[in-house]
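Structure at a glance
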Amino acid sequence: MSEQHNSVDAIIIGAGFSGLYQLHTLRDQLNLSTMVLEAGTDLGGTWFWNRYPGARCDSESYSYCYMFSEEIYKEWSWSERYPGPQEIRNYLDFVAQKLELRSHIKFNTLVTSAHFIEETNQWELTTKNGEIYRATYLITGIGCISSANIPNIPGLKNFKGEWYHTGNWPHEQVSFENKRIGQIGTGSTGIQAAPVIAETAGHLHVFQRTPNYSVPARNAPLTDDWKEHVHKNFKEIKQVVQSTPNGFPYRISTTKVFEQSENERQTAYEKAWQKGGLQFRATYQDITTNKKANDTAAEFLKNKIRTVVRDKETAESLATIDYPYAGKRPPIDTNYFETFNKDNVSLINLKKESIVKITENGIQTTERHIPLDMIIFATGFDAITGKFFEMDIQGRNGISLKETWKEGPKTYLGLQTPGFPNLFTITGPGSPSVLCNMPVAIEQHVEWITHCIEHMRNNKIDTCEASQEAADKWVEHVNEAANATLLVTVPHSWYLGANVVGKPRIFMPYAGGMDRYRALCEDAVKNHYAGFIMNSKNSTNHSKNNLTNHNFDAAKKITTPGI
Ligand code: NA7
């Protein structure tokens, strides 16, 4: 144990949407000494690192922001339907200035370990710079898709050209001008990046392992009328995002696919296609739960690909998709399929030829050598748990989080893990997180954590941690919720950890819907923090017996999952 340390009430790791709001509530509402430790050199979290060409949020800007303050909401105007990374960073900077947050954030500070000290009920953190901090409460705001996944393809170290992962994109301008570029990956990121890279590349080779559905984003500048409209309707917008299963500002249709005729369906899909965006999946109530219903949407989207892409073989490679629409995170795009009509773009179908190795000057497949000046890995993330495991987190008795989660993350409500007292995980595994519009999920967690800490302080409670029983039941319920959807039918999804070699195949986010989840969190509080063990030096309030099983049972009837 070190003698040289800075001690505060609360430390938050990460200066993105989560960290900034949590700093505000703990410092300004509870008057706690609070600091944020951030690895990057500025604000932004996910959006500090994701600066790849074409990067853009797929939530609409008027809903991708804080709603805890009407004043802040109305003082900011977004310029486009979907915000890009720079505009999101500008927005977070505006909020940080408004709330005077920057003085409590330490940038360029990578936390390498966090150990719970039993004697003092404190967390001791060490950083890469060798500093040591202690805090009573440790809150992670480290994001869900921030640990880059670079596949272990033989030969990368021999490659003499440039290479980048989209999630760690350089801050300096990267030129594609006249270069031969290989892009590996066709998830949301690859689908956004390819059209922009193709604008200037000499030749772009897109290496596709699994084809993807995509709906046009139809991004556009926002009119003054629209800006005024959203400001005027703040209360209604907030009410909608806080009551929908996925935190988005639109309602999912209550009509089921086969309640309409084929003609009506085509008209409905076409209308949704023209409107663009993620709400395509809300066209019918049962698209995400009923395979036959889903097939109708899938077929519509595959036909769109065949109509857009002129080369028949390329179109078939792009449209031969063997899993349900929205079974993986559904991308939205700007001219992705149109890009394959350009002379300087080729699709490499890795179902027909696979990558053997990276050479000094290109990629060798089973069929040919493709000479390249640059390789771009749009290969996604070790999502949800990856960032936790980059730190050495140890709870009671020196047990590591990595060990505790070795068969998959085990949390209660995604907020706490048994054996890790006073560690709160914003949008942690087992919460709706990536299945929800992120700022909505973040605000709910930050507010819940703030009330919990307030309750602890008012009642002289030293530690709060999830009970094992509650975590076991919650993990069971997270699985039930996922099993009620088509999400579990896609074997290569990062929701299941399937994109990372050696990662356990467990469905990590909660698919029961943000609205249902919010009610369960509130219910735990009403039942004296049921499922959480509250300890003070004098007594233990072991709330596990109050677990509200009836609510878990009701939650099993999942008809409209939060995806
Ligand atoms: P994703 O959605 O995980 O996509 C990664 C892509 O990279 C996907 O097409 C993968 O194919 C492909 N990939 C991964 N490893 C390889 C190897 N070894 N060879 C070939 N292709 C590979 O990540 P994104 O960054 O696009 O999106 C992440 C989230 O960010 C997104 O869902 C939004 O929420 C925002 P696969 O499908 O695994 O066959």
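The coordinates are above.
Bear in mind that the values here come from a model prediction, so they are computed numbers and not experimental data.

The subject of this paragraph is the pattern of salt bridges. A full pass over the atoms with the stated rule returns 29 salt bridges. A salt bridge links E131 to K106; the shortest N-O distance between them is 2.7 Å. Of this pair, E131 sits in the loop between β5 (122–127) and β6 (132–140) while K106 sits in strand β3 (residues 105–106); the two residues are 25 residues apart in sequence, bridging distant segments of the chain. Exposure remark for E131: the relative accessible area of 21% places this residue in the partly exposed category. Put simply, R180 and D373 hold a salt bridge, and the shortest N to O gap is 2.9 Å. Placement of R180 in strand β8 (residues 180–184) and of D373 in the loop between β15 (369–371) and β16 (374–377) is noted, with a sequence separation of 193 residues between them. A single salt-bridge network, built from bridges that share partners, covers D42, D93 and R102.

Glancing now at empty space enclosed by the protein. Under the definition given, this model contains 6 cavities of 30 Å³ or more. The volume enclosed by the largest cavity comes to roughly 110 Å³. In terms of lining residues, the largest cavity is bounded by 14 residues, among which W76, S77, W78, V230 and H231 are the most central. Among the secondary structure elements, those contributing two or more residues to the lining of the largest cavity are α3 (70–75) and α6 (224–232). Looking at side-chain class alone, the lining of the largest cavity contains 10 nonpolar, 3 polar and 1 charged residues. Around the second largest cavity, the lining residues are P409, T411, P429, G430, W474, V475, V478, N479, I506, F507 and M508. Among the residues forming the lining of the second largest cavity, the class breakdown is 8 nonpolar, 3 polar and no charged.

Spatially, 5 strands are ordered β7-β16-β8-β9-β12 in an open sheet, and the strand pairing comes out parallel. The outermost strands of the open sheet, each flanked by one partner alone, are β7 (162–165) and β12 (345–349). Ignoring which end each strand starts from, the neighbouring axes of this sheet average 15° apart. This element, helix α5 (residues 188–200), spans β8, β9 (203–208), β12 and β16 of the sheet and lies at about 170° to β8. Contacts from helix α10 (residues 312–319) reach β9 and β12, with the element oriented near 55° to β12.

Now for the environment of T366. With respect to the secondary-structure elements, T366 resides in the loop between β14 (362–365) and β15. Between the alpha carbons of T366 and D343 there is a distance of 24 Å; along the sequence they are 23 residues apart. Ignoring sequence-local partners within four residues, the contact set of T366 consists of E353, S354 and V356.

Moving on, we come to the packing of aromatic side chains. Evaluation of the coordinates by the stated rule reveals 42 aromatic pairs. Plain terms: the ring middles of F17 and Y66 are 5.2 Å apart, the flat faces sit at 55° to each other, and that makes the pair tilted. With F17 in helix α1 (residues 17–29) and Y66 in the loop between α2 (46–49) and α3, the pair connects residues that are 49 residues apart, well separated along the chain. You'll find F17 and Y66 in the same group, each marked buried. In textbook terms, an aromatic cluster arises when at least three aromatic residues are bridged by ring pairs, as seen for F17, Y21, W47, Y64, Y66, F68, W76, W78, Y91 and F94. In this structure, R51 packs its charged tip against the face of F48, placed 4.9 Å from the ring centre.

Inspection of the secondary structure puts H24 in helix α1. On the accessibility criterion, H24 (12% relative accessible area) is buried. A polar contact is formed between the side chain of H24 and the side chain of D28, at a distance of 2.7 Å. Non-local contacts of H24, meaning those with residues more than four positions away in its chain, are made with Q29, F68, L99 and L101.

Judged by nonpolar contacts, the single largest core of 87 residues is most densely connected at Y91, I139 and L413. Among the elements that take part in this core, helix α14 (residues 438–458) stands out by supplying 10 residues, more than any other. Excluding residues within four positions of it along the chain, I139 makes contact with A10, I11, I12, I13, Q22, L26, F424, I426, I449 and I453. Grouped together as the second largest cluster of nonpolar side chains are 54 residues, A193, A201, V345 and I376 included.

Further remarks concern the layout of surface pockets. Roughly 560 Å³ of internal volume is contained in the second largest pocket. Forming the boundary of the second largest pocket are 27 residues, of which Y250, K271, A272, K275 and Q279 lie nearest the centre. With 4 residues, helix α8 (residues 262–275) is the largest single contributor of residues to the lining of the second largest pocket.

Helix length check: helix α16 (residues 514–526) (13 residues) gives 18 Å between terminal C-alpha atoms against 18 Å at 1.5 Å per residue, within 8%. For α16, the full list of buried residues reads M514, Y517, R518, L520, C521, D523 and A524. Looking one or two residues past α16, H528 carries a phi angle of roughly 55°, positive in sign.

Moving on, we come to the packing of α8 against helix α9 (residues 291–308). As a packed pair, α8 and α9 sit with axes 11 Å apart at the nearest point and diverge in direction by 60°. By the angle between their axes, α8 is oblique relative to α9. Seen along the crossing, α8 lies across α9 with a hand that is right-handed. In contact with R265, Q266, Y269, E270 and W273 of α8, α9 contributes A293, T296, A297, F300, L301 and K304.

Moving on, we get to the site of the ligand. Close to the ligand lie 18 residues, the nearest being T186, T189, R209, T210 and K328. A distance of 2.6 Å is found between an oxygen atom of the ligand and a side-chain nitrogen or oxygen belonging to T189. In the environment of the ligand, an oxygen atom lies 3.3 Å from a nitrogen or oxygen atom belonging to the side chain of W494. Relative to its unbound accessible area of 770 Å², the ligand is 88% covered by the protein chains. Within the shell around the ligand, the residues separate by chemical class into 7 nonpolar, 8 polar and 3 charged.

About the cut-offs
Residues numbered from 1 in each chain as written. Predicted model: local features only at pLDDT ≥ 70, side-chain atom pairs only at ≥ 80, totals over all residues. Heavy atoms only, no water. Salt bridge = Lys/Arg side-chain N within 4 Å of Asp/Glu carboxyl O. Helix = DSSP H or I, 4+ residues; strand = E, 2+ residues; numbered from the N terminus. Buried < 20%, exposed > 50% of the residue type's maximum accessible area, 1.4 Å probe, protein only. 1 Å grid on protein atoms, 1.4 Å probe; cavity = no way out; pocket = protein on both sides within 12 Å on 5 of 7 lines; lining within 4 Å. Points joined across faces, edges and corners; volume = space filled by probe spheres on them. Nonpolar A, V, L, I, M, F, W, Y, C, P; charged D, E, K, R; others polar. Pairing = 2+ DSSP bridges. Axes fitted to C-alpha atoms, helices over the stretch in contact; angles between N-to-C directions. Contact = heavy atoms within 4.5 Å. Phe/Tyr/Trp six-rings, centres within 6.5 Å; stacked < 30°, edge-to-face > 60°. Lys NZ or Arg CZ within 6 Å of the ring centre and 35° of its normal. Polar contact = N/O pair within 3.5 Å; in protein donor to acceptor, adjacent residues only side chain to side chain. Core = buried A, V, L, I, M, F, W, Y, C linked by side-chain atoms within 4.5 Å. Expected span 1.5 Å × (residues − 1). Parallel < 35°, antiparallel > 145°, perpendicular 65-115°, else oblique. Left-handed = near helix turned anticlockwise from the far one by under 90°. Near = heavy atom within 4 Å. Areas by Shrake-Rupley, 256 points an atom, 1.4 Å probe, with all protein chains shown as cover.

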